[in-house]
Amino acid sequence: MQGLPDKPTGVKRIGDLLVEAGYVSPPDLERALEMGKKNFQALGRVLVTLKLATDQDINDALAVQKCCKHEGLPGHLAVKALILKKSDNLSVPEALQHLGWTADGYKSYDEPASIVNAKAELQTAASGGKETRDYAEALIKVADAYLANKLAGRAEVFLNEAGTIGDLTGDTLKPVLLRKLSRVATAQKRFNESRQYLEKAHEHLVKSGNTNTEEFATFLLEFADFNESRRKLQDAERFFIEAASIFARLGFDDERILQAIKRASAAGQQLTRVPDQIKVGELLTGSGVATDVQIDFALSYATEQGVPLGRALVTLKILQENHLYLVMQVQLLIRNGELSPALGKLIVQYGVRFNADLDKVLKLFDYRPKSQDQLADELKKASEKMVSLERSLPADHADIAAAYGTVAYLYFQRQQWAEAEQLFKRGMLILERAQSGSAGQAADFLDLFAELRTAQLDFDDAVRLQKLSTQLRAKQDGQISNSVARSMERLATSFCGKGDHASSVNCLDKALLIREKIYGADSHELINTLETKADCNIHRCDWEASQKILLRAHELCNENTPGTDERSRRIVEKLINVCKTTGDVGLIEQLQNSVKRIGFMV
């Protein structure tokens, strides 16, 4: 009996072809084979039913298997053809043609003219040697032709060959090659690899010193595009801005520069920023509006005269007043997290160049600041008023100091401590030199500054500042005044934060004595001070003293108000809690019966 004929050399089963080409995983293939045996179905049909492969995948695998059986196609080329077909979106005959093998059963595949011409140039370059720069450039041209025809897989073959020619590490061809490989990786959705190629190209260009050229700016736009497509918006914004800056330095037309800036602003508006700290001098030098020498000179003048840097710049005619206003608005947007420092510098540059206000420049850049909360709007208005006063009044006028205090306190409320402290200090310097104004204004500044220090948990400095404020108020309004009483209460709060409860109680006793002399011992004006003093005694665990103080406050509430207001409720609640600690059950019952008659429950 004649034996069965052997399978043709190199023929692979459909399952093996699909696994080796990466269409199907080995576990999925095993599952499909088991199901096929149970249900008496062909493997291809099972794979399609399980949605592990498409009909087209099965037809392609059958086509290359047919070439293996009847036309001698080697098995390894069959696998490569399937891989190439999928990666470059080719037909089976096109994939085989690119691998240098044409089946007799298929029509020959005619490559586009651009590829044919590029290959002809490659043959010419090869005659001069395959280790030359010319040959590497010719390989890149062939790769470009394949990329233009959406054949990224074939392009990668030629690019890889170009990368092996000589040592191109220090050559200008290296970043070009890396950028082409990035395009290939992007086309094949290997985005991490694509980013790595672009980062290497960027590193190479920076090291070579070619950072002030049109080529580098164009590359930055390409890198920015990639980052924007991958939602890396911060990097996208940075590269768009850098490209725009290079175009500006090189003298390119405004339209090209503006397009890059608009792309940057589009990316920037989608970001949630952490506010940056930036000084007026940095904005001016970074935008090219002033030089480092001019800023240093203005700083020296400002220090000598005791005026802000902006006022010194205007006085010395380094900057116009409307430009100073623009710079301070941009600085505010940066500190509020609305703009990046880099984009802020470009806004200043364009605003000064075209003598335009902020709204016009932002409109030019297609930039719309995010909607701000009420506090941010107040900060903007206060800053505008501060700049306006600086333009219209002498540098040492007390009203300017008051404006500084308002802006500083708004920064303090936004928890932007550094800005608040800087403005508080500047305002105090102005008040010290002020020809008009009062000790009360200086005391107001000190109160706000002390509040800032308390928020920063610097209680020692808060106590120092509050003591100065109390002295100023006593000097202006007299020892027996409401302003001194309020200042003593603030000082008590600072002592309490420091942990010095004895000093705190002492301050509150003085404040209480002042209010008693002004309003009388049975006035409701004493209630808040009594409650604060009780709280301080609670902190020092002096429950009996606290109980007496709260009881007095409770009695004053009943005498002066119906007892149904929120303050009365709060005091009764505190008093009951203190009585629970002291064990005064009788008073607790009395209080509970009292509040029931009044009409609220604690």
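Before reading on, note that the structure itself is shown above.
Residues numbered from 1 in each chain as written. Predicted model: local features only at pLDDT ≥ 70, side-chain atom pairs only at ≥ 80, totals over all residues. Heavy atoms only, no water.

K.L.:
Which parts of the structure should I look at to understand the overall build of the chain?
P.N.:
Each helix and strand counted, the chain has 31 helices and zero strands in total. The proportion of buried residues among the 602 residues of the chain is 46%. Roughly 30,700 Å² of accessible area belongs to the chain as shown, and the carbon and sulfur atoms make up 49% of that amount. (Helix = DSSP H or I, 4+ residues; strand = E, 2+ residues; numbered from the N terminus. Buried < 20%, exposed > 50% of the residue type's maximum accessible area, 1.4 Å probe, protein only. Areas by Shrake-Rupley, 256 points an atom, 1.4 Å probe, with all protein chains shown as cover.)

K.L.:
Teacher, can you tell me more about the side chain of Asp60 here?
P.N.:
Along the chain, the position of Asp60 falls in helix α4 (residues 55-71). Residue classification places Asp60 among the buried residues on the basis of a relative accessible area of 5%. Residues contacting Asp60, with those up to four places away along its chain left out, are Leu82, Lys85 and Val92. (Contact = heavy atoms within 4.5 Å.)

K.L.:
Looking at this structure, I do not really get the packing of helix α8 (residues 133-148) against helix α10 (residues 173-187). What am I missing?
P.N.:
Helix packing for two helices is described by the angle between their axes and how far apart those axes are. Put simply, α8 and α10 touch, their axes get as near as 11 Å, and they point 20° apart. Accordingly, the angle class assigned to the pair α8 and α10 is roughly parallel. Helix-helix and strand crossings are classified by hand; for α8 and α10 the assignment is left-handed. Across the interface between the two elements, Arg133, Ala136, Glu137, Ile140, Asp144 and Leu147 from α8 touch Leu173, Leu177, Lys180, Arg183 and Val184 from α10. Of the residues in the contact of α8 with α10, the class split is six nonpolar, no polar and five charged. (Axes fitted to C-alpha atoms, helices over the stretch in contact; angles between N-to-C directions. Parallel < 35°, antiparallel > 145°, perpendicular 65-115°, else oblique. Left-handed = near helix turned anticlockwise from the far one by under 90°. Nonpolar A, V, L, I, M, F, W, Y, C, P; charged D, E, K, R; others polar.)

K.L.:
I would appreciate a short explanation of unusual backbone geometry in the present structure.
P.N.:
Excluding glycine, a negative phi dihedral is what most residues carry, and trans is how most peptide bonds are arranged. Of note in this structure, Lys51 is not a glycine but carries a positive phi near 60°. Within the fold, Lys51 resides in the loop between α3 (43-49) and α4. Despite not being glycine, Lys317 shows a phi value in the positive range, around 60°. Mapped onto the elements of the fold, Lys317 is located in the loop between α17 (309-315) and α18 (321-335).

K.L.:
I'm lost on α10 in this one. Help?
P.N.:
Each turn of an α-helix holds 3.6 residues, which means side chains three or four residues apart point in the same direction. Helix length check: α10, at 15 residues, gives a terminal C-alpha distance of 21 Å against a target of 21 Å (1.5 Å per residue), a fit within 8%. Among the residues making up α10, those that are buried are Leu173, Pro175, Leu177, Leu178, Arg179, Lys180, Leu181, Ser182, Val184 and Ala185. (Expected span 1.5 Å × (residues − 1).)

K.L.:
Hey, could you run me through the packing of aromatic side chains in this one?
P.N.:
We describe a pair of aromatic rings using the distance from one ring centre to the other and the angle between the two ring planes. The tally for this structure, following the rule as stated, stands at six aromatic pairs. Relative to Phe219, the ring of Phe216 lies with its centre 6.3 Å away and its plane at 35°, an arrangement referred to as tilted. Of this pair, Phe216 and Phe219 are both found in helix α12 (residues 214-229), three residues apart, which corresponds to roughly one turn of the helix. Residue Phe216 is classed as buried on the basis of its relative accessible area of 1%. (Phe/Tyr/Trp six-rings, centres within 6.5 Å; stacked < 30°, edge-to-face > 60°.)

K.L.:
Before we go on, may I ask you to explain helix α11 (residues 191-208) in this structure?
P.N.:
Between the first and last C-alpha of α11 there are 26 Å, a value that for 18 residues agrees with the 26 Å anticipated at 1.5 Å per step. Among all positions of α11, only Ser194, Arg195, Tyr197, Leu198, Ala201, His202, His204 and Leu205 are buried. Where α11 ends, the next residue or the one after it, Gly209, has phi of about 85°, a positive value.

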